[in-house]
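Here is how the chains run, residue by residue.
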Amino acid sequence: MLELHDAPLAPLTTFRLGGPATRLVTATTDAEVVAAVREADADGTPLLVIGGGSNLVIGDKGFAGTALRIATSGFDLVGTTLELAAGEVWTDAVARTVEAGLAGVECLAGIPGSAGATPIQNVGAYGQEVSATITEVIAYDRRAGETVTLSNEECAFSYRHSRFKADPERYVVLRVRFALEDADGLSAPVKYAETARALGVEPGDRVPLTQARETVLELRAGKGMVLDAEDHDTWSAGSFFTNPILTDADFAVFHARVKERLGEDAVPPAFPAGEGRTKTSAAWLIDKAGFTKGYGSGPTRISGKHTLALTNRGEATTEDLLALAREVVAGVREAFGVTLVNEPVMVGVGL
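Residues numbered from 1 in each chain as written. Predicted model: local features only at pLDDT ≥ 70, side-chain atom pairs only at ≥ 80, totals over all residues. Heavy atoms only, no water.

S.K.: What exactly am I supposed to notice about the overall build of the protein here?
M.R.: The helix and strand tally for the protein stands at nine helices and 18 strands. For a compact globule of 351 residues, the expected C-alpha radius of gyration is about 20 Å, and the protein comes in at 20 Å, within 12% of that figure. Taking all 351 residues of the protein together, the buried fraction comes to 50%. Total accessible area on the protein is roughly 15,300 Å²; 50% of this is exposed by carbon and sulfur atoms. (Helix = DSSP H or I, 4+ residues; strand = E, 2+ residues; numbered from the N terminus. Rg over C-alpha atoms; globule rule 2.2 N^0.38 Å. Buried < 20%, exposed > 50% of the residue type's maximum accessible area, 1.4 Å probe, protein only. Areas by Shrake-Rupley, 256 points an atom, 1.4 Å probe, with all protein chains shown as cover.)

In structure tokens, the structure reads:
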């Protein structure tokens, strides 16, 4: 294992923000990952696990403990069954499944980060979520001190959530297994209206896998959601806030606030989210509360391409980012009575 001390963490995150770690260990095998975790637990040393760094907000003071960067590799495809090592680059893995003619994750193209992070967040976009194709997650259980295999059901997936996110100190993901579909080179049925429009098809239709992937990449790039070192709109964690899910009663109150603020004809986005629950759009809320694309004049701003992304314009600190995030949260709450929740994991800081 590679070991560094007083190591900068900002270069390991897509925000390019955050102070140093007391110690940074890079593990390239599952055995090294487990050994590093066991060592930290035995010593009582705080542990921060880093994959692709696309979902992390690290405080300016850094991390007083061991940061473990998982850089394992492994893409094992047998028939329609795929096993990925946690350190595999997710967007590269998606490209390889498309090349193999297998459907199930093609609309998750372009999402930055590592494969091991996908079950933690239940990564999803454009009508697909990894929970629909994950069959098992192999993880090190820090509480039991052993490697375990969790079924899809045991992962307790829900919208941008999982058992791993609910108990972040317990599991370290090592490998993820997926069941993909051989649809003769076609995608899974297209579910997302925006994707269907861009493809010129109806929801439920299938299209060639390559076409689906390329269309999603174009849509994401248009919103600054594909990493580009030259484009500060991509110096972000993607969507900074999750889409709020409201009870029927809360949605009725929210709907009334919308009409009061925007007029009787105003209709907020609404999507079924289970019995008695409705999901609305965080991007819509932010925009209608007055935080439009490009909002801000300092070192952090809302992306010029997408209102859900908060961005580092190059000279920002984490505190600059949090100040903007808090301003947005307060503004949306005041306008519509809805409290936005951050999607990225906060390390040493909070809203």
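S.K.: I tried to follow the pattern of salt bridges on my own but got confused; where do I start?
M.R.: A pair can form between side chains of opposite charge whenever their charged atoms are brought close. The final tally for this structure, using the stated rule, is 17 salt bridges. The partner of K305 in a salt bridge is D231, with the nearest N and O atoms 2.9 Å apart. With a gap of 74 residues between them, K305 in the loop between β16 (300–302) and β17 (310–312) and D231 in the loop between α6 (209–222) and β13 (245–247) connect regions that are remote in the sequence. Put simply, D30, E83, E136, R175 and R177 are held in one network by salt bridges that share partners. (Salt bridge = Lys/Arg side-chain N within 4 Å of Asp/Glu carboxyl O.)

S.K.: What should I look at first to understand the nonpolar core in this one?
M.R.: The tendency in soluble globular proteins is for nonpolar side chains to be buried as a group. By size, the foremost hydrophobic cluster in this structure holds 34 residues, and its most contacted members are F240, F241, F254, I286, V328, F336 and L340. With nine residues, the top contributor of residues to this core is helix α9 (residues 318–336). Ignoring anything within four residues of it in the chain, the contact list for F241 reads A282, I286, L308, L310, A325, V328, V329, L340, V341, N342, E343 and L351. Of all hydrophobic cores here, the second largest spans 32 residues; its members include L82, A115, C155 and V216. (Core = buried A, V, L, I, M, F, W, Y, C linked by side-chain atoms within 4.5 Å. Contact = heavy atoms within 4.5 Å.)

S.K.: What is the right way to read the sheet that holds strand β1 (residues 2–8) from this model?
M.R.: By way of backbone hydrogen bonds, the strands of a sheet pair with one another, either parallel or antiparallel. The mixed open sheet is built from four strands, whose spatial order is β1-β2-β5-β3. Both outer strands of the open sheet, β1 and β3 (47–50), are each paired with one neighbouring strand and no more. Looking at each pair of strands side by side, their axes are set apart by 25° on average, direction ignored. As paired elements, strand β2 (residues 20–27) and strand β5 (residues 63–70) share six bridges and run parallel to each other. The residue bridging V25 from the neighbouring strand is L68, located in β5. In the packing of helix α1 (residues 30–43) onto the sheet, the strands contacted are β2, β3 and β5, and the crossing angle to β2 comes to about 145°. (Pairing = 2+ DSSP bridges. Axes fitted to C-alpha atoms, helices over the stretch in contact; angles between N-to-C directions.)

S.K.: Looking at this model, I keep getting lost on the side chain of T118. Mind explaining?
M.R.: Here T118 lies in helix α3 (residues 118–121). A residue is classified by how much of its surface remains accessible, and T118, at 2% relative accessible area, is buried. A polar contact of 2.7 Å, which involves the side chain of T118, links it to the backbone oxygen of A115. Excluding its chain neighbours within four sequence positions, the residues that come into contact with T118 are W90, V123, V130 and F178. (Polar contact = N/O pair within 3.5 Å; in protein donor to acceptor, adjacent residues only side chain to side chain.)

S.K.: Is there a simple way to explain the pairing of strand β12 (residues 171–179) in this structure?
M.R.: Each regular strand carries side chains that alternate between the two faces of the sheet. Where burial is concerned, most of β12 is hidden: seven out of the nine residues are buried. Bridging between strand β7 (residues 81–85) and β12 involves five bridges; their strand directions are antiparallel. From the neighbouring strand, E83 faces β12, where its bridge partner is R177. Relative to β12, strand β10 (residues 134–141) runs antiparallel, the two sharing seven bridges. Across the sheet, the residue bridging to I134 is F178, located in β12.

S.K.: Sorry, what's going on with the sheet that holds β10 here?
M.R.: With antiparallel pairing, the five strands of this open sheet are ordered in space as β6-β7-β12-β10-β11. Lying at the two open borders of the sheet, with one neighbouring strand each, are β6 (75–78) and β11 (146–151). Between one strand axis and the next, the sheet turns through 20° on average, direction left out of account. Each of β10, β11 and β12 touches α1; the most contacted strand, β12, lies at about 150° to it.

S.K.: What exactly am I supposed to notice about α9 here?
M.R.: Owing to its 3.6 residues per turn, the α-helix brings residues three or four apart onto one side. Between its first and last C-alpha atoms α9 spans 27 Å; for 19 residues at 1.5 Å apiece the expected length is 27 Å, and the two agree. All of the buried residues in α9 are T318, L321, L322, L324, A325, V328, V329, G331, V332, A335 and F336. Against the buried residues of α9 lie β4 (56–58), α7 (248–262), α8 (282–288), β16, β17 and β18 (345–347). (Expected span 1.5 Å × (residues − 1).)

Coordinates in, geometry out; function isn't part of it.
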